[in-house]
Amino acid sequence: MDWSNVTTEDLIEALREVDWSSPPRPVPEFFSRFTIPRSYSKWNSRLKCNLYYYRTNYFIMIVFILGLGFFRKPLAIVAALLTALSIAFLNDSFAGTFNEKVTRTVRQFSPHLAAKMRPPLMPVIRGRPSSKRTIHMCGQPRWVFVLLSSAASFILWFVSSGLLSVLWAFAIGLLATLIHASFRTPNLKARLNTFREEFRAVWRNYSEL
């Protein structure tokens, strides 16, 4: 895959739809080999490839840095977790997995309530959905949970007086991610993983026809 032809919008869309439930890459691999890119095009391609391949590692690293910044502020730590959760809800795979696990847990105590938490059925015309599939969580549109978790995290940030600290910690996390993604040399495993996930996406789209 030629990452130089991938736009920022394509990368964001891929990160939104890709499966985030996979475990992070091993630490020795994450800190294996670093080189300076030879040109801007090489740096641009490497940055997008690493952001996609090490996405789970970067997410954990940012959350860890946020946790270190608020070690003495429990409310700020909860606010950071809620902020991370609201961002994770934007990913289709995470939202679907979260909805499935919650529904399965509720079904053990109340099957009737679990039935109400199912997403509404979409009308099908000529074997295809009449509109783009909308992600639902616990019977409600995804944006409801994103809005609730974001509002709760904002209130906790305000109460804990840690908003300025989180901005600094988040900036440090983003800077560390940018530095690592810029200098970590993409390996053959990353390229093969990218091709495999591309094939899965194409096969999934084909099976939905």
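Just so it is clear, the model here is predicted, and its values are computed rather than measured.

A.B. asks: Is there a simple way to think about the overall build of the chain in this case?
C.D. replies: Looking only at helices and strands, the chain features ten helices and four strands. Starting at the N terminus and walking to the C terminus, you meet the elements of the chain as α-α-α-α-α-α-α-β-β-β-β-α-α-α. Taken across its 209 residues, the chain has 33% of its residues classed as buried. Counted over contacts in the chain with a minimum sequence separation of 6, partners at least 24 positions apart contribute 79%. Accessible surface, the chain as shown: approximately 13900 Å² in total, 68% of it carbon and sulfur.

A.B. asks: Just checking my understanding: could you explain the packing of aromatic side chains for this structure?
C.D. replies: Where two aromatic rings form a pair, the distance of their centres and the angle of their planes describe that pair. Applying the stated rule across the entire model yields eight aromatic pairs. Arranged with centres 6.3 Å apart and planes meeting at 65°, the rings of Tyr54 and Tyr58 form a pair that is edge-to-face. A residue is classified by how much of its surface remains accessible, and Tyr54, at 1% relative accessible area, is buried. An aromatic cluster is defined as three or more aromatic residues linked by ring pairs; in this entry it consists of Phe30, Phe31, Tyr53, Tyr54 and Tyr58. Across the ring face of Tyr53, the terminal group of Arg25 is positioned such that the distance to the ring centre comes to 4.0 Å. For the cation-ring pair, Arg55 lies above Tyr52, with the distance from its terminal atom to the ring centre recorded as 4.9 Å.

A.B. asks: Would you take a moment to explain the confidence of the model for the chain for this structure?
C.D. replies: As a general rule, the predicted coordinates of low-pLDDT regions are not to be interpreted in detail. The predicted model of the chain has a mean per-residue pLDDT of 76, with 74% of residues at 70 or higher. Note on residues 202-209: pLDDT under 50 across the span, and one contact to partners over four residues away in sequence or across chains.

A.B. asks: Where do I start with helix H9 (residues 163-183) in this structure?
C.D. replies: The end-to-end C-alpha distance of H9 is 30 Å, a good match for the 30 Å that 21 residues give at a rise of 1.5 Å each. Buried residues of H9: Val166, Ala169, Gly173, Thr177, His180, Ala181 and Ser182, and no others.

A.B. asks: What is the right way to read the UniProt feature "transmembrane region" (unreviewed entry) in the chain from this model?
C.D. replies: In the UniProt entry, the feature "transmembrane region" (unreviewed entry) is given for residues 52-71, 77-98, 143-160 and 166-183. Secondary structure across residues 52-71 divides into 85% helix and 0% strand, with the first and last C-alpha atoms of the span separated by 29 Å. Along residues 166-183, the helical share is 100% and the strand share 0%, with 26 Å between the first and last C-alpha atoms.

A.B. asks: Whenever I open this one, the nonpolar core confuses me. Can you help?
C.D. replies: It is characteristic of soluble globular proteins that their nonpolar side chains tend to be buried jointly. In terms of nonpolar packing, the biggest core is built from 18 residues, with Tyr54, Tyr58, Leu66, Phe70, Trp157 and Val166 touching the most fellow members. Of all the secondary structure elements, the ones that give two or more residues to this core are helix H3 (40-53), helix H4 (55-69), helix H5 (74-88), helix H8 (142-160) and H9. The element best represented in this core is H4, accounting for five residues. Membership of the second largest hydrophobic core comes to five residues, among which are Phe89, Ala95, Ile135 and Val146.

A.B. asks: Even after reading the chapter, I still don't get the environment of Ile62, so can you show me in this structure?
C.D. replies: Mapped onto the elements, Ile62 comes out in helix H4. It is 9.2 Å that separates the C-alpha atoms of Ile62 and Ala171, two residues lying 109 residues apart in sequence. The residues contacting Ile62, other than those within four sequence positions of it, are Phe170, Gly173, Leu174 and Thr177.

Parameters at a glance
Position labels on residues start from 1 in each chain and follow its written sequence. Under the rules for a predicted model, residues below a pLDDT of 70 receive no local features and side-chain atom pairs below 80 are neither given nor counted, while totals for whole chains, interfaces and linings still include all residues. Derived side-chain values reflect all non-hydrogen atoms in the structure, with water molecules and hydrogen atoms excluded from consideration. Here a strand is any run of E in DSSP of at least two residues, a helix any run of H or I of at least four, and the numbering for each starts at the N terminus. Summary of the burial criterion: residues with accessible area below 20% of their type's maximum are buried, those above 50% are exposed, and those between are partly exposed, where the area comes from a 1.4 Å probe applied to protein chains only. By definition in these notes, contact holds between two residues if any of their heavy atoms fall within 4.5 Å. Areas reported as accessible are Shrake-Rupley estimates using a 1.4 Å probe. Residue values count occlusion only from the protein chains shown. Only Phe, Tyr and Trp rings take part, Trp by its six-membered ring, and two of them pair if their centres are within 6.5 Å. Stacked means planes under 30 degrees apart, edge-to-face means over 60, and tilted covers everything else. A positively charged side chain is recorded as over a ring if its NZ (Lys) or CZ (Arg) lies within 6 Å of the ring centre. The angle to the ring normal must also be within 35 degrees. Every residue carries a pLDDT, the predictor's confidence in it, which falls somewhere between 0 and 100. By definition here, a helix of n residues has an expected span of 1.5 Å times n minus one. UniProt positions are given in the numbering used here, feature names are shortened, and annotations may be inferred rather than shown by experiment. Within this scheme, the nonpolar core is defined by two criteria: the residues are buried Ala, Val, Leu, Ile, Met, Phe, Trp, Tyr or Cys, and they are joined through side-chain atoms within 4.5 Å.

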